[in-house]
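# Examining the three-dimensional arrangement
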Amino acid sequence: SSSSTRQPKYDVFLSFRGEDTRTNFTDHLYVALKEKGIITFRDEEELKKGERISELFKAIEESQFAIIILSKNYASSTWCLDELTKIIKCKDEMGLKVLPVFYNVGPSVVRKQTETFEQAFIDHQKRFEDNIEKVETWRDTLKKVVDISGWDLHLQNRHESEIIQDIVKGIMEKLSSKSSSINENLIGINSMVAELIPSYVGFGNHIYMMGICGMGGLGKTTLASAIYYEYSDHFEGSSYIANVRERSEKGELHELQQQLLDEILGGSNTKIYNVQVGLRKIKSSGLRHKKVLLVLDDVNHKDQLENLAGKRDWFGSGSWIIITTRDEHVLVQHGVLKIYKPNGLDDDDALTLFCSKAFKKEQPEEGYMQLSQKVVEYASGLPLALVTLGSFLVGRTVEEWQSAFDSFKNIKGNIHDILKISYDGLEKMWKEIFLDIACFFRGQKKDEVIQILENCGFDARIGVSVLVERSLLTVDDKECFGMHDLLSEMGQKIIRFESGGKLGKQSRLWLVEDLLHVLENDMATEAIQAIVVRCKEEEFKYEAVLKVLSSKMSNLRLMIIENTDDY
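So, here's what we can say about the structure.

The rules behind each value
- Counting restarts for each chain: residues are numbered from 1 in the order of the written sequence.
- In view of the model being predicted, local features appear only for residues whose pLDDT reaches at least 70, and side-chain atom pairs are presented and counted only at 80 or more, with totals across whole chains, interfaces and linings using the full set of residues.
- Only hydrogens and water are removed before side-chain values are computed, so all heavy atoms of the structure are retained for them.
- A helix here means a DSSP run of H or I that spans at least four residues, while a strand means a run of E at least two residues long, and both kinds are numbered starting from the N terminus.
- Each residue is assigned to one of three classes by its accessible area relative to the maximum for its type, calculated with a 1.4 Å probe on protein chains only: buried under 20%, partly exposed between the two thresholds, exposed over 50%.
- In what follows, residue pairs with any heavy atoms lying within 4.5 Å of each other are defined as contacts.
- Only the protein chains shown count as cover for residues, and the accessible areas themselves come from Shrake-Rupley with a 1.4 Å probe.
- Any two strands with at least two DSSP bridges between them are considered paired.
- Comment: axis = line fitted to C-alpha atoms, over the contacting stretch for helices; angle = value between 0 and 180 degrees taken between N-to-C directions.
- Here a helix's expected span is defined as the number of its residues, less one, multiplied by 1.5 Å.
- Our angle categories are set so that under 35 degrees counts as roughly parallel, over 145 as roughly antiparallel, 65 to 115 as roughly perpendicular, and the remainder as oblique.
- Crossing handedness is read from the near helix: turned anticlockwise from the far helix by less than a right angle, it gives a left-handed crossing, and turned clockwise, a right-handed one.
- When residue character is reported, Ala, Val, Leu, Ile, Met, Phe, Trp, Tyr, Cys and Pro are called nonpolar, Asp, Glu, Lys and Arg charged, and the others, Gly included, polar.
- In plain words, nonpolar cores are sets of buried Ala, Val, Leu, Ile, Met, Phe, Trp, Tyr and Cys residues tied together by side-chain atoms within 4.5 Å.

## Focus: the overall build of the chain
From N to C terminus, the chain includes 27 helices and 15 strands. The buried share of the chain, taken over its 567 residues, is 53%. Across the chain, contacts joining residues at least 24 apart in sequence account for 73% of those joining residues at least 6 apart. Accessible surface, the chain: about 26400 Å² in total, of which carbon and sulfur atoms supply 46%.

## Considerations on the sheet that holds strand β7 (residues 237-241)
Sheet architecture is open: 5 strands sit in the order β7-β8-β9-β6-β10, paired in parallel fashion. Edge positions in the sheet fall to β7 and β10 (338-340), since each has one partner strand and no second. Going across the sheet, the axis of each strand differs from the next one's by a mean of 15 degrees, ignoring polarity. Across 5 bridges, strand β8 (residues 292-299) lies against strand β9 (residues 320-325) in parallel orientation.

## Some details on helix α22 (residues 428-441)
Taking 1.5 Å per residue, 14 residues should reach 20 Å; α22 reaches 19 Å between its end C-alpha atoms and fits that length. Most of α22 is tucked away, with 11 of its 14 residues classed as buried. Among the residues of α22, Trp 430, Glu 432, Ile 433, Phe 434, Leu 435, Asp 436, Ile 437, Ala 438, Cys 439, Phe 440 and Phe 441 are the ones counted as buried. Residue Gly 443 follows α22 closely and has a positive phi angle near 80 degrees.

## A word on the environment of Ser 407
Mapped onto the elements of the fold, Ser 407 is located in helix α20 (residues 398-408). Here Ser 407 falls in the partly exposed class, since its relative accessible area comes to 37%. Sequence separation between Ser 407 and Ile 421 is 14 residues; the distance between their C-alpha atoms is 9.2 Å.

## Quick notes on the packing of helix α19 (residues 383-393) against helix α21 (residues 415-424)
In contact at an axis separation of 8 Å, α19 and α21 are set at 25 degrees when each is read in the N-to-C sense. As judged from the angle between their axes, α19 and α21 are roughly parallel. Considering the relative orientation of α19 and α21, their crossing is left-handed. Contacts from Leu 384, Ala 385, Thr 388, Leu 389 and Phe 392 of α19 reach α21 at Ile 415, Ile 418, Leu 419, Ile 421 and Ser 422. Split by residue class, the contact of α19 with α21 holds 8 nonpolar, 2 polar and no charged.

## A look at helix α11 (residues 220-231)
One turn of the α-helix equals 3.6 residues, which is why residues spaced by three or four share an orientation. Taking 1.5 Å per residue, 12 residues should reach 16 Å; α11 reaches 17 Å between its end C-alpha atoms and fits that length. Counted residue by residue, α11 has 9 buried out of 12 residues, so it is predominantly covered. Within α11, the full set of buried residues consists of Lys 220, Leu 223, Ala 224, Ser 225, Ala 226, Ile 227, Tyr 228, Tyr 229 and Tyr 231.

## Comments concerning the sheet that holds strand β2 (residues 40-42)
The parallel open sheet is built from 5 strands, whose spatial order is β2-β1-β3-β4-β5. Edge strands, defined here as strands with exactly one partner in the open sheet, are β2 and β5 (151-152). Packed on one face of the sheet, helix α8 (residues 160-175) meets β1 (10-16), β3 (63-70), β4 (97-102) and β5 and runs near 160 degrees to β3.

## A short note on unusual backbone geometry
Positioned with a positive phi, Ser 471 is a non-glycine residue whose angle comes to about 60 degrees. Position of Ser 471 relative to the elements: it lies in the loop between α24 (460-469) and β11 (474-475). Among the residues examined, Ser 471 registers a relative accessible area of 14% and is labelled buried. With a phi angle near 55 degrees, Asp 522 is a residue other than glycine that sits in the positive phi range. Following the sequence through the fold, Asp 522 ends up in the loop between α26 (512-520) and β14 (530-535).

## Some words on the nonpolar core
Among the nonpolar cores identified, the biggest contains 91 residues, and Trp 320, Phe 354, Phe 408, Phe 434 and Ile 437 are the most heavily contacted of them. Broken down by element, the residue count for this core peaks at 9 residues, all from α22. When sequence neighbours within four positions are dropped, the list of residues in contact with Phe 354 reads Ser 372, Val 375, Val 376, Leu 386, Leu 389, Gly 390, Leu 393 and Trp 401. Residues Phe 41, Leu 70, Ile 88 and Leu 96 belong to the second largest nonpolar core, which totals 34 residues.

Spelled out as structure tokens, the structure:
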């Protein structure tokens with residue numbers, strides 16, 4: 001396979017008839033969305049015709065919402081109708097949320113295809129007399145759109161600017177639903193935020209750059225997320241760049257630069273293909289005139305900071321730049337003077353968090369208090385350990401708790417070993433699913449990954465449910481998989497340990513350099529079950545893989561080679 005699952009890239013895709021609305025309603029809506037930091041794809045006329053439809057279809061697949069601006073001449077464009085058909089297909093198959101806007105045309109005209117829509121289809125039937133099925137598909141698709149709740153400007157005696165503000169507000173409310181989900185059960189976090197804000201950042205005209213530093217599992221990302229979603233409305237633009245370390249190691253730093261500019265300045269068809277170009281664009285963009293909130297999560301090298309937030313004066317007065325890292329030296333190298341070091345949860349908050357997972361309430365069941373306190377003490381205030389252990393122990397008897405705690409005591413507190421307790425309690429198939437997601441599919445669409453795993457012979461839907469119940473996996477509001485860095489690292493560590501450190505005997509290969517090393521040194525064995533890598537086309541010879549596959553990798557069940565030249 002040459003393709004893989006992808007995260008949503010755009011918040012909104014705009015579908016419109018250029019000659020009707022490009023320079024008026026659509027343009028005003030695009031600017032309003034952009035000003036609110038909503039990443040929006042708008043088809044630009046300068047796209048080459050040969051590339052245009054594939055570019056549009058790709059953008060539709062990578063969007064969360066599609067706003068369809070139905071105007072008098074919309075149906076006369078075969079481009080628009082093909083685009084609309086793709087949108088409805090993505091709605092049915094991928095969960096794309098569709099919002100129609102009826103601009104100077106009533107829903108009944110669209111449904112019954114009268115007036116200008118009638119003439120358009122007369123022309124289409126003549127043009128496509130050898131492919132009438134295509135025309136009928138367009139007709140049916142338009143009828144489906146009318147059944148979707150949206151905005152009918154045809155009957156509203158209001159200024160366009162008011163309606164546009166309503167549309168933008170509606171999109172923002174739908175997008176902000178993740179804010180409420182992120183802020184659920186943030187036990188102990190609110191007190192950290194209250195402590196951090198007045199001491200480390202402020203609301204004056206200074207440009208504030210601060211670090212949140214500590215060991216993995218301490219809650220740095222959760223704290224940064226809470227600040228971001230609580231305060232992002234106070235800024236003219238905002239961007240949350242997650243997994244900086246992991247994505248940089250995959251050679252995706254330029255994509256993070258693209259994300260930063262798109263989220264703060266609005267979506268653009270301008271592409272960043274390398275870090276040097278991205279650096280120039282960030283420096284020369286309008287960021288220095290905007291009050292922004294930027295979060296860089298899980299940074300581990302000064303180069304990442306230099307290319308994403310090199311200097312304070314890249315940003316406007318009053319901006320906040322918040323950096324999370326396990327390595328304080330990275331912050332010191334970058335001249336970050338204000339560094340907050342969370343201490344973990346206090347005993348009361350730790351017990352509450354643990355009980356929320358182990359008992360689904362804030363206090364232990366009768367007979368479990370003493371054991372609960374022992375487990376909480378063992379977890380040393382680390383939120384990830386508390387959540388994982390609580391999920392492991394839920395529903396078990398006192399005797400089982402005592403037996404589990406006795407085994408805990410033999411582990412000296414290494415966080416990976418603590419987390420592995422929950423992994424060890426999984427059935428074999430659930431372990432395989434966990435390892436696949438840990439190595440290959442973090443941040444990817446749930447339903448697409450489940451389909452891939454089911455094709456590998458796994459009962460993936462129930463397996464994913466088990467992993468979520470055990471707090472080894474999360475699913476966000478975009479229906480994408482999330483997994484803590486430490487859990488992913490633990491999974492990869494398990495694979496390396498089982499292979500005795502020999503790449504050719506690893507069950508999974510996820511780094512292109514490891515795969516190339518195995519191929520070039522004739523190290524492949526039947527132990528290799530799955531390969532998912534991203535690489536440039538010139539780095540990789542597919543024939544070499546196929547040759548080895550047929551001769552040595554007899555147990556290979558999954559191979560995805562994703563070409564980064566497509567990005």
